[in-house]
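Here are the chains, one letter per residue:
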There are 2 protein chains.
Amino acid sequence: MKRSGRRPGNQDTRTSILEVARRTFAEKGFDKASIRAIAGDAGVDPALVHHYFGTKEKLFLEVMNAPINPGELIPQALAGPREEAGIRLIRMALSVWDSPAGTAALAMFRSALSNEWTARLLREFVVTQILRRAVRELIVDPEEAPLRSALVATQIAGLMVVRYVLRLEPVASADPELLATMIGPNIQRFLDEPLD
Amino acid sequence: MKRSGRRPGNQDTRTSILEVARRTFAEKGFDKASIRAIAGDAGVDPALVHHYFGTKEKLFLEVMNAPINPGELIPQALAGPREEAGIRLIRMALSVWDSPAGTAALAMFRSALSNEWTARLLREFVVTQILRRAVRELIVDPEEAPLRSALVATQIAGLMVVRYVLRLEPVASADPELLATMIGPNIQRFLDEPLD
DNA sequence: CGATGAGTTCAACGCTAGATGAATTACTTC
DNA sequence: GAAGTAATTCATCTAGCGTTGAACTCATCG
C-alpha cells in the first residue's frame, strides 16, 4: 500500500505531527506518549519524527514552546478589584486548560507528575514565569510570598488533578463559574489571611 | 557466587519482597516501579516475585491490602468540635502520609496519577471507603455531599501533589501543624459555606 | 532533461519490560 | 534415607521503546 519515499502534493507534515504530539502528551504524559504512537496517529513513520525534531525531549520542548506565554494572561488575571483576585485566578486557569491552547499546559502538568525531567521543567517555568510575576502584585509581605504562593499552588494543582487527571465527579464536569465561586475565596484566603 | 535453588535457613522472603515493593511503588508509581528493580532491591530473582504474586497487578493489590483501612482513622478524625473538622482532617492526613504506614497510600496516589488502572482503583477506594463514611457525618445536606467532598478532595490532592510529588518548597518541608492551621479553614469552608 | 535536495519509509540495533517453564537446592515427613 | 514439596534461580520468549543510517520518491530549479 504505502510506498516509500516522498509523498505527492504539498502538505505540512511537520505541523500535523506537532498537533498529534501535543494531544498525545496531554493525554498520556511524557513517558507513556510513545514516538511510535504519535507517528502512527499522524500517519507517518517514526523515523520522520526524529528527522524533524531530533529526540523525544526536543519534540516535547517544541510542543511546549508556542502556546504557553503567560505574558498576556497574568496581567489579565490581575486586572480588577484586589479582593476578587482568587476568583479571577480560578476562572482564568479553567478557561485556559479547557481551551485547545491549554492542551500544552495539561501535557506539561501530566508529564511532570511522573517524569523527573519534565517536573524540573515545570517547577522552573512556574516559579520564574508565573509566581514571580503574579505574586509580587498580590502578596503584601514579600517574606511570606514563597509560602503563600505555594499554598495557592496546592489548591490549583489539586483542582487540575481532580478535574483532569483523576476525573472525579462532579468536579470533572462542573461548570467553571461554579468552581470559581466555590474555590476562589479559598485562594483569596491564602493570599490575605494572617499566617498564624 | 549465588547458587541456584532454595536458600538455607528460615527467612520470610515473601514479606521482604512486599516491603520493598511498597517502598518502590510509593517512590516511583506503578508503571516505573519495575518488577526487576523490586527483585533486585530485595536480593532476589525476578521470577520469584512472579512465583509468589503471579502478576505485577496482583503484587500491587497485595501491597495495598494490609495497611489501608480507614475504619479506625475516619472516626478519629471526626471526633472533636464540628467547626475544627477541617484542621483535624489535614493534620491526620499529614500524619498518615508522613508515617511508614502511609507509604501504601502514597504508592496508590502516585500510581493513580499516571496509570489508568490504578486511577480507577483509587477513585473506587476513595469514594466508597473514605468519602461515604466521612462526609455523611460532616455535610448537612446530602444532596450537596458529592460536590462538597470532591472540593475537599481537590485541596487534599493538591497538598499531596505539591508536598510529595512535585516537592515544591516551602510546602514540601513545612511543619505539619503550620500546614494544618493554614489549610484547615479552607477545608472547613468547603464543608460549611453556602454553594452560591 | 538531469541534478540536487527535501520528504519519507525500511530495516535494524540495543535496551528494558513482564512473563514462563524447566532445572536446582533445601526443608519436611514418613 | 527416600519421597515429596516448597523455595529459588536460569535461560528464554515476546513486546515495546528510542534511535540510527541507508534507501527510495517526489518537487524544484537550471
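Every chain begins its residue count from 1, and numbering advances along the sequence as written. By the order in which they are written, chains take letters starting at A while ligands take numbers starting at 1. Two thresholds apply to this predicted model, a pLDDT of at least 70 for residue-level local features and 80 or more for giving and counting side-chain atom pairs, whereas whole-chain, interface and lining totals are computed over all residues. Computation of side-chain values covers all heavy atoms of the structure but excludes hydrogens and water.

Named according to an unreviewed UniProt entry, chain A is TetR family transcriptional regulator originating from Paractinoplanes toevensis.

## Observations regarding unusual backbone geometry
Residue and element names in this part refer to chain A. Residue P170 is bonded to the preceding E169 through a cis peptide linkage, with omega at 5 degrees. Helical segments are the DSSP runs of H or I of at least four residues, strand segments are the runs of E of at least two, and each set is numbered from the N terminus. You can see P170 is positioned in the loop between α9 (145-165) and α10 (176-192). Of note, the phi angle at R167 is positive, near 55 degrees, even though the residue is not glycine. Turning to its location among the elements, R167 is positioned in the loop between α9 and α10.

## Looking at the pattern of salt bridges
All names here are of chain A. The working definition used for a salt bridge is a side-chain nitrogen of Lys or Arg within 4 Å of a carboxyl oxygen of Asp or Glu. Scanning the entire structure with this criterion turns up 14 salt bridges over all chains. The salt bridge partner of D41 is R23, with a shortest N-O separation of 3.6 Å. Of this pair, D41 sits in helix α2 (residues 35-41) while R23 sits in helix α1 (residues 13-32); the two residues are 18 residues apart in sequence, bridging distant segments of the chain. Under the scheme applied here, a residue whose accessible area is under 20% of the maximum for its type counts as buried, over 50% as exposed, and between as partly exposed, the area being computed with a 1.4 Å probe on protein chains only. A relative accessible area of 42% places R23 in the partly exposed class. When the shortest N-O distance is used, the salt bridge between E177 and R91 registers 2.8 Å. One end of the pair, E177, is in helix α10; the other, R91, is in helix α6 (residues 85-98), and 86 residues separate them in sequence.

## With respect to the interface of chain A and chain B
The contact definition used throughout considers only heavy atoms, calling two residues in contact when any of these lie within 4.5 Å. Counting residues at the interface gives 40 residues for chain A, matched by 41 residues for chain B. When two parts are put together, the accessible area they lose, computed with a 1.4 Å probe and summed over both, is reported as buried area. Interface area for chain A against chain B, summed over the two sides, is near 3,600 Å², with a carbon-plus-sulfur share of 69%. If you sort the residues of chain A by the area they bury against chain B, L113, L166 and M182 of chain A come out on top, with a joint share of 18%. Across the contact surface, chain A and chain B share 2 salt bridges. For D31 of chain B, the salt bridge identified is with K32 of chain A, shortest N-O distance 3.1 Å. Elements with a contribution of two residues or more to the side of chain A that touches chain B: α1, α8 (116-138), α9 and α10 of chain A. The element best represented in the side of chain A that touches chain B is α9 of chain A, accounting for 13 residues.

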